[in-house]
Amino acid sequence: MSLLVVGSVALDSVRTPFGEVEEVLGGSATYFSTVASYFCQVQVVAVVGDDFPHEHLEFLRSRDIHLEGLSAVRGKTFRWRGEYGYDLNEAHTLETRLNVFETFEPVLPESYRKATYVFLANIDPELQSRVLDQVISPTMVACDTMNFWIAGKYDALRATLKRVDLLVINEAEARELAREPNIIRACRIVLTWGPKIVIVKRGEYGAIMVTVESIFSIPGYPLETIADPTGAGDCFAGGLMGYLANVNDWSEPALRQGIIFGSAMASFNVERFSLEGLRKLTYEQILERYEAFRRLVHFESVPSLG
Ligand code: AMP
């Protein structure tokens, strides 16, 4: 099945306690599509400026990612500058320069309009909606967002959410969006707004999925080396959606498997800066981490306490 993503393609500058990088490849659509490309065909809708390094486009092409919907326009590429302290779960945004995104009008190439799985990555919710307007009849639509848009474009975000099946969101942002400190209650509130499924990403503590009927929760993969958490959320979504599109199924069992793939892919990403942890993975490595996850959470039932 085809998977379409709209999001940012960026040049990121990031500082963590373990190092610092300037103007490296980043962006929500970049992380998402790179990860999803291990599972299915991915079509990207985004914009870059005329300063975007050619080698980054070559890399995305080398992953067989479709770039027909990636516009290259005059101006500067989107830039994000962020910093993490020893609590790597919390990114501190130092600077967001929308640049070419400020005037971006997404037009889907004809070949994208029949996309079956759609991911609206973290981007202006008005752009998310305008992309959705152009997809003919998607099987499943998922979306992410962040505090920047919750604070700045709340109504537009609520309008996008009405059209979404699955919301994937950070813990702090779920609280902020629903204006409710308890996570389960926050999810239940969002479930009345449109999405049928809410998945909350909890950084190193894992993820939790809430639907009207069920709750599923997993821990984070127990890594001993974390260099840079940037993009972990997009990698999570890329593994999840890539797998769902691969099996063309978004039933609860498939979602649970997808959450494990998403977590496995995010764990590879955070071991290195930028996309370095994702460039040369093998399917054996990915499946090995999936199995390690299974062993991590496995426990026996107890027939009786006699
Ligand atoms: P994550 O760590 O998964 O939340 O995503 C980090 C990525 O999101 C970075 O590579 C940034 O380039 C990108 N990003 C940060 N802020 C924004 C924003 N306001 N709109 C779109 N993308 C953003």
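Residues numbered from 1 in each chain as written. Predicted model: local features only at pLDDT ≥ 70, side-chain atom pairs only at ≥ 80, totals over all residues. Heavy atoms only, no water.

A few words on the site of the ligand. Around the ligand sit 17 residues in total, of which S8, D12, G27, G231 and D234 are the nearest. Summarising the interface, the protein chains cover 90% of the accessible area of the ligand, which totals 510 Å² for the free molecule. The residue makeup of the shell around the ligand, split by class, is 8 nonpolar, 7 polar and 2 charged. (Near = heavy atom within 4 Å. Areas by Shrake-Rupley, 256 points an atom, 1.4 Å probe, with all protein chains shown as cover. Nonpolar A, V, L, I, M, F, W, Y, C, P; charged D, E, K, R; others polar.)

Let's shift gears to the nonpolar core. With 59 residues, the main nonpolar core has F119, L166, I199, L240 and M241 as its most contacted residues. For I199, the contacting residues outside a window of four places in its chain are L166, L167, V168, I169, A207, I208, M209, F236, L240 and I259. Counting 49 residues, the second-largest nonpolar core is a separate cluster that includes F101, V118, L132 and I208. (Core = buried A, V, L, I, M, F, W, Y, C linked by side-chain atoms within 4.5 Å. Buried < 20%, exposed > 50% of the residue type's maximum accessible area, 1.4 Å probe, protein only. Contact = heavy atoms within 4.5 Å.)

So, on to the pattern of salt bridges. In total, this model carries 22 salt bridges according to the counting rule given. When the shortest N-O distance is used, the salt bridge between E252 and R256 registers 2.9 Å. Separated by 4 residues within a single helix, E252 and R256 lie in helix α9 (residues 252–270), roughly one turn from each other. The partly exposed category is assigned to R256, whose relative accessible area is 31%. Measuring nitrogen to oxygen at the nearest pair gives 3.0 Å for the salt bridge that ties E291 to R294. Taken together, the residues E291 and R294, both in helix α10 (residues 283–297) and 3 residues apart, mark about one turn of the helix. A network of salt bridges, in which partner residues are shared, links E22, R81, E95 and R97. (Salt bridge = Lys/Arg side-chain N within 4 Å of Asp/Glu carboxyl O. Helix = DSSP H or I, 4+ residues; strand = E, 2+ residues; numbered from the N terminus.)

With that settled, the discussion passes to the environment of F119. Considering the arrangement of structural elements, one finds F119 in strand β8 (residues 117–120). Take F119: its relative accessible area is 0%, and that puts it in the buried class. Residues F119 and L166, 47 residues apart in the sequence, show an inter-C-alpha distance of 9.3 Å. For F119, the residues in contact, after removing those within four places along its chain, are L4, V5, V6, F32, A142, C143, D144, V168, A237 and M241.

This part covers the side chain of H56. Within the secondary structure, H56 is located in helix α2 (residues 54–62). Using a relative accessible area of 9% as the deciding quantity, one classes H56 as buried. In this structure H56 touches L11 and L25, once residues within four positions along its chain are discounted.

Here the structure, examined in full by the defined rule, presents 10 aromatic pairs. Here F148 and W149 contribute two aromatic rings whose centre-to-centre distance is 4.7 Å and whose plane-to-plane angle is 90°, an arrangement assigned as edge-to-face. Here F148 falls in the partly exposed class, since its relative accessible area comes to 37%. By relative accessible area, W149 is classed as buried at 8%. Their ring planes at 35° and their centres at 4.5 Å tell us that F261 and Y290 sit as a pair that is tilted. Here Y290 lies in helix α10 and F261 lies in helix α9, a separation of 29 residues in the sequence. In this pair, the class of F261 matches that of Y290, namely buried. It is R158 that lies over the ring of W193; its NZ or CZ is 3.6 Å from the centre. Note that R289 overlies the ring of F268, its terminal NZ or CZ placed 4.1 Å from the centroid. (Phe/Tyr/Trp six-rings, centres within 6.5 Å; stacked < 30°, edge-to-face > 60°. Lys NZ or Arg CZ within 6 Å of the ring centre and 35° of its normal.)

With that settled, consider the sheet that holds strand β5 (residues 66–72). A sheet is described by the order of its strands in space; here 9 strands give the open sequence β5-β4-β1-β8-β9-β10-β11-β12-β13, paired in mixed fashion. At either margin of the open sheet sits one strand with a lone partner, and together these are β5 and β13 (215–218). If you compare each strand with its neighbour and ignore which way they point, the axes differ by 15° on average. With 4 bridges joining them, β8 and strand β9 (residues 140–143) adopt parallel strand pairing. Note on β9: the bridge partner recorded for V118 is V141. Each of β1 (2–6), β8, β9, β10 (166–170), β11 (197–201) and β12 (207–211) is contacted by helix α8 (residues 232–247), which is oriented at about 170° to β8, the strand it contacts most. (Pairing = 2+ DSSP bridges. Axes fitted to C-alpha atoms, helices over the stretch in contact; angles between N-to-C directions.)

Looking now at the environment of K196. Within the secondary structure, K196 is located in the loop between α7 (183–191) and β11. As a C-alpha pair, K196 and V210 span 14 residues in sequence and 8.7 Å in three-dimensional space. Among residues more than four places away in sequence, those in contact with K196 are V164, D165, L191, V210, T211 and W250. A distance of 2.7 Å separates the side chain of K196 from the side chain of D165, its partner in a polar contact. (Polar contact = N/O pair within 3.5 Å; in protein donor to acceptor, adjacent residues only side chain to side chain.)

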